[in-house]
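Residue-level listing of the chains:
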Amino acid sequence: MKLRKSVIATLVSATMLAVGLGASAQADDNVVKIAFTDAPTLKVGDMEIYHPSYAAMLAFKGAFEKSTNGEYSVELYPNGTLGDAASTMEQMLIGTLQGSTPADGALSAFAPDIQAFTVPYLFSEVTVAYDVLDGEFCQNLFNDIAEETGIRVIASYDNGGFRHFTNSKKEIKTAADMEGLNIRVMDSPVYLKLIESLGASATPVAFLELYSALQTGVVDGQENSAVTTLGASLNEVQKYCTLDGHLLGLAFLTVSESWYQSLDAETQKKVLIAGEEASIAARGTCRYAESIAINTLSEEGVQVYSPTAEELETFKVSQEPVIEYLKTEIDPEVVDGLLGAVEEEEIKAGLK
C-alpha cells in the first residue's frame, strides 16, 4: 500500500510538474520581448521626452496587449540590457527575443538593400518619406527582407529628424561654401562620397571622440540631426548650422519572422495594426523633438540657416556618385524602385 501510494504520489507530482511546465511554456510563448539599445528618454534643451524608438515600443505594447485582451504580454528592455542592435537581432533569429528597434545602419548588416535610403537629398519633405515607407514599394521591400533574413519590419520612422551640417568656420548656404572644410563622418563609403562630392574633406571620427575633435580643430564640422547635435553638446563647439537635410536617418521596429509566422492570421493582423500605432507614435515624437532641438540650437547661440530651394539644388551634385556606388553594392532595381517611389509621392504632394 505504501509502495502504491508512493507510486501514485510520484505520478501525481510528475503530472502536476508536466502541467506546470506546459503552462509555463505556454505563458512564455505569450510573452513578447522587445529590446532597445538606448535609454528610454532623451533630453532636448530643457525638455525630457521619450526616445522615438521607445515611443514606438510603448505604443506597440499598449495596442497589442489591448487588442489581444491580455493574452499576450509585451516586455520592454531598453538601455542595451540585452545587448547592442546586432546582438538583439541575432537573438531574434534564434528565438530568444521577439523584437528589436534597429536603426538603418544596424539593419543593413542583415538586409543590405536598406542602404538605398542613404541616397543624399532623397526626401524633400518628411511627409514624403512617411508616404514612401507606408507605400507599396517599401511594403514589398519589407516583405522581401522578412523572407530573406527572418526579420520583419512592422514600424518605420526617422531617427530624430534630418541630418544637417554644422561647422565652426563659416556659414554654408550652397555646396560651394563646403569647399575647404574638414567634416567628420561615420566610417562609411556613402558618407565619404557625400562629403567629397560637395568639395569638402571627409574624416572618419568615432562619435565618442567627436566633441574633442571639434574642440581641438581636428575637424571643422560634422553632420547629424539637431537632436543628436544638441544631445551631445556639440553646439558648444560649433558656430554654424545649415538645415540642408541631406539624409533622413531611419529606424525600425522589427519582429522575428519565425515568431510572426507562428501566430494565427488574426493575431498576425493585430501585430501589424500595433506596428502602425508604433509608427505614428515614433513619428510624432520625432517631429516634436526635432522642432525643439532646432529652436534650442538657435537660442544657444548657433547661427542656424535654412537654404532656399535654389540653394538646396546645388547640394544635389552629391546624389549621382552615391547612387552609382550603391548600385555596385546592392540590387540596382531596389535603388531605382525607391527613387521612382519617391518621385511618385512628390508628384502626388504637388512638389513636382
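Small disclaimer: the values here were computed from a predicted structure and weren't measured.

Peer 1: In this structure, what is going on with the pairing of strand 10 (residues 240-256)? I would like to understand it.
Peer 2: In the case of a regular strand, side chains alternate between the two sheet surfaces. Most of strand 10 is tucked away: 16 of the 17 residues are buried. For strand 5 (residues 99-100) and strand 10, the ladder comprises two bridges, and the chain directions are antiparallel. In the strand pairing of strand 10, Gly 99 is matched with Val 255. Across twelve bridges, the pairing between strand 6 (residues 151-167) and strand 10 is antiparallel. Residue pairing across strands places Ser 156 opposite Phe 252, the latter belonging to strand 10. Two strands pair when backbone bridges link them, and strand 10 and strand 11 (residues 303-305) are joined in this way by three bridges, in the parallel orientation. For Thr 242, the partnering residue across the bridge sits in strand 11 and is Tyr 305.

Peer 1: Any chance you could explain the nonpolar core here in plain terms?
Peer 2: Where a protein is soluble and globular, its nonpolar side chains tend to be buried together. In terms of nonpolar packing, the biggest core is built from 39 residues, with Leu 107, Ile 114, Phe 117, Phe 123, Val 132 and Phe 142 touching the most fellow members. At the level of secondary structure, the elements contributing two or more residues to this core comprise helix 3 (85-94), helix 5 (126-134), helix 6 (136-149), strand 6, strand 10, helix 13 (319-329) and helix 14 (332-348). With six residues, the top contributor of residues to this core is helix 5. Sequence-distant contacts of Phe 142, that is, excluding residues within four places in its chain, are made with Ile 114, Leu 133, Val 153, Ser 156 and Phe 252. Counting residues in each nonpolar core, the second largest holds 25 residues, with Tyr 54, Ala 56, Ala 63 and Tyr 260 among its members.

Peer 1: Hey, could you run me through the packing of helix 2 (residues 52-67) against helix 11 (residues 265-299) in this one?
Peer 2: Each pair of packed helices can be summarised by the angle the axes make with each other and by the distance between the axes. Direction vectors running N to C along helix 2 and helix 11 enclose 145 degrees, while the axes themselves pass 7 Å from each other. Helix 2 and helix 11 meet at a crossing whose hand is right-handed. Across the interface between the two elements, Pro 52, Ala 55, Ala 56, Ala 59, Phe 60, Ala 63, Phe 64 and Ser 67 of helix 2 pack against Thr 267, Lys 270, Val 271, Ala 274, Gly 275, Glu 277, Ala 278, Ala 281, Ala 282, Thr 285 and Cys 286 of helix 11. Taken together, the residues of the contact of helix 2 with helix 11 break down into 13 nonpolar, four polar and two charged.

Calculation criteria
Residues numbered from 1 in each chain as written. Predicted model: local features only at pLDDT ≥ 70, side-chain atom pairs only at ≥ 80, totals over all residues. Heavy atoms only, no water. Buried < 20%, exposed > 50% of the residue type's maximum accessible area, 1.4 Å probe, protein only. Helix = DSSP H or I, 4+ residues; strand = E, 2+ residues; numbered from the N terminus. Pairing = 2+ DSSP bridges. Core = buried A, V, L, I, M, F, W, Y, C linked by side-chain atoms within 4.5 Å. Contact = heavy atoms within 4.5 Å. Axes fitted to C-alpha atoms, helices over the stretch in contact; angles between N-to-C directions. Left-handed = near helix turned anticlockwise from the far one by under 90°. Nonpolar A, V, L, I, M, F, W, Y, C, P; charged D, E, K, R; others polar.

This is a description of form; function is not addressed.
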